[in-house]
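Architecture at a glance
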Amino acid sequence: QAKAAGRNTQRFFDPEMQAAVNARSNLEADLRQGLARSELLVHYQPVVDHQGKLVGAEALARWRHPQRGMISPAEFIPLAEQTGLILPLGQAVLRSACTQLHLWAQHEATAHLTLSVNVSARQFRQPGFVAQVLDTLRECQARPHKLKLELTESMLLGDIEDAVQRMEQLKKQGVGFALDDFGTGYSSLSYLKRLPLDQVKIDQSFVRDVLSDPNDAAIVRTILALAKSLDLQVVAEGVETAGQLGFLRLHGCDGFQGYLFGRPVPVHEMDAHIYPAL
Ligand code: C2E
Ligand code: MG
Ligand code: MG
Ligand code: MG
């Protein structure tokens, strides 16, 4: 007993582990402060159709840390989810996207553009989620059918009836839904049929080697065929080369997002790039 406790004590004071714990709680404190100090921003990545025409963008959170510079969402989104900070963060991203939709609606050249916003499990499951989205749209004077919410498969597991109900309430007002990172989660086909989705997004991990890996090619073709038969629009993520684009277009993909068309950038850069006249 004493021996075990001794070992535990020793492990607890393991300097490496302690350093990791410190780093994490520092980052958490920094994130809390960063949210209050508006260090979080939103970049936009273009989405184009099969003709290469801009149809919209995805809003992606960025954190400009005062000491560490830009921190990737891969690092701070999981932390934000664990700590609950994803709620104010997600709300800030949604507000920023709705504000942008309102601005785009003022110009003929941009009025057709849609915006996709990532929603985390915790955000989606919070009791006031539906009302919060609708309130934000109204406050920003943004049109609901220009907004798409991106969900992932894992967050829809569990109480699917509840998820469907939330989605239906928003869909009734015109809000669209996309299933993000499609193919990486536990997708059951019957499941896919029950969800009121408008779009699926093919994960970039399948797009990367689509020309060299026959398995990835088969998966991508299968997703495209499946989506067609369920009447879902498909957007491919991580499109970096003309070859990948060619394959995806050949097999009927509707939308494309990736470095080939543009990296995520502050919105004024996207506007300037696509519409130099604006
Ligand atoms: P995601 O929603 O699947 O977003 C696509 C990711 O792929 C973005 O990474 C984007 O920068 C990256 N990407 C786009 N085109 C290419 C390409 O051609 N090549 C490569 N290698 N990568 C490409 P990012 O911005 O680092 O975001 C990572 C993830 O963090 C997102 O994946 C999303 O799951 C999450 N995330 C970002 N912003 C938010 C947010 O506001 N709320 C929530 N809940 N999650 C967010
Ligand atoms: Mg996404
Ligand atoms: Mg994705
Ligand atoms: Mg992702």
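The rules we used
- Residues numbered from 1 in each chain as written.
- Chains lettered and ligands numbered in written order.
- Predicted model: local features only at pLDDT ≥ 70, side-chain atom pairs only at ≥ 80, totals over all residues.
- Heavy atoms only, no water.
- Donors = N, O, S within 2.8 Å, 3.2 Å for Na, K, Ca; no water.
- Helix = DSSP H or I, 4+ residues; strand = E, 2+ residues; numbered from the N terminus.
- Buried < 20%, exposed > 50% of the residue type's maximum accessible area, 1.4 Å probe, protein only.
- Core = buried A, V, L, I, M, F, W, Y, C linked by side-chain atoms within 4.5 Å.
- Contact = heavy atoms within 4.5 Å.
- Arc of directions from axis to C-beta.
- Polar contact = N/O pair within 3.5 Å; in protein donor to acceptor, adjacent residues only side chain to side chain.
- Near = heavy atom within 4 Å.
- Areas by Shrake-Rupley, 256 points an atom, 1.4 Å probe, with all protein chains shown as cover.
- Salt bridge = Lys/Arg side-chain N within 4 Å of Asp/Glu carboxyl O.

1. Things to note about the coordination of the magnesium ion (ligand 3)
At this site the magnesium ion (ligand 3) is bound by Asp180 (OD), Asp181 (OD), Glu237 (OE) and Glu237 (OE), with donor distances of 2.0 to 2.5 Å. All donors of the magnesium ion (ligand 3) belong to a single chain; written as a sequence motif, their spacing is D-D-x55-E. The distance between the magnesium ion (ligand 3) and the magnesium ion (ligand 2) comes to 4.2 Å, with Asp180 serving as a donor to both metals. Here Glu237 lies in the loop between β8 (233–236) and α12 (242–250) and Asp180 lies in strand β6 (residues 176–182), a separation of 57 residues in the sequence. As far as the burial class goes, Asp180 and Glu237 line up, both buried.

2. Topic: the nonpolar core
The biggest cluster of nonpolar side chains holds 75 residues, and the ones touching the most others in it are Leu149 and Leu156. Considering each element in turn, this core owes the most residues, eight residues, to helix α4 (residues 86–105). Those residues within four positions of Leu156 in sequence are excluded, and the remaining contacts are Phe124, Arg125, Leu151, Ala163, Met167, Leu179, Tyr191 and Leu195.

3. Some details on helix α3 (residues 73–83)
Buried within α3 are the following residues: Phe76, Leu79, Ala80 and Thr83. For α3, the angular spread of the buried residues around the axis is 100°, confining them to a single face. Of the exposed residues in α3, the ones pointing more than 90 degrees away from its buried face are Ala74 and Gln82. Elements that come into contact with the buried residues of α3 comprise α2 (15–36), β1 (40–49), β2 (54–65), β3 (69–71), α4 and α5 (121–125). N-capping of α3 is provided by Ser72, with a side-chain oxygen placed 3.0 Å from the backbone N of Ala74. One or two steps after α3, the chain reaches Gly84, where phi turns positive at roughly 85°.

4. Some details on the site of ligand 1
Taken together, 22 residues form the shell around ligand 1, and within it Arg62, Asp180, Gln204, Glu240 and Tyr259 come nearest. Side-chain polar atom of Glu58 to an oxygen atom of ligand 1: 3.0 Å apart, as the coordinates give it. Between ligand 1 and Asn118 there is a distance of 2.9 Å, counted from an oxygen atom to a side-chain nitrogen or oxygen. Against a free-state accessible area of 800 Å², the protein chains account for coverage of 82% of ligand 1.

5. Examining the pattern of salt bridges
Scanning the entire structure with this criterion turns up twelve salt bridges. Linking Glu28 and Arg32 is a salt bridge whose minimum nitrogen-to-oxygen distance equals 3.1 Å. One end of the pair, Glu28, and the other, Arg32, are both in helix α2, four residues apart, so they sit about a helical turn from each other. With a closest N to O distance of 3.8 Å, Lys228 and Asp254 form a salt bridge. Note that Lys228 is positioned in helix α11 (residues 214–229) and Asp254 in the loop between α12 and β9 (255–256), a separation of 26 residues in sequence. Taking relative accessible area as the criterion, Lys228 reaches 46% and is therefore assigned partly exposed. On the accessibility criterion, Asp254 (24% relative accessible area) is partly exposed. Salt bridges sharing partners connect three or more residues here, namely Glu58, Glu150, Lys201 and Glu237.

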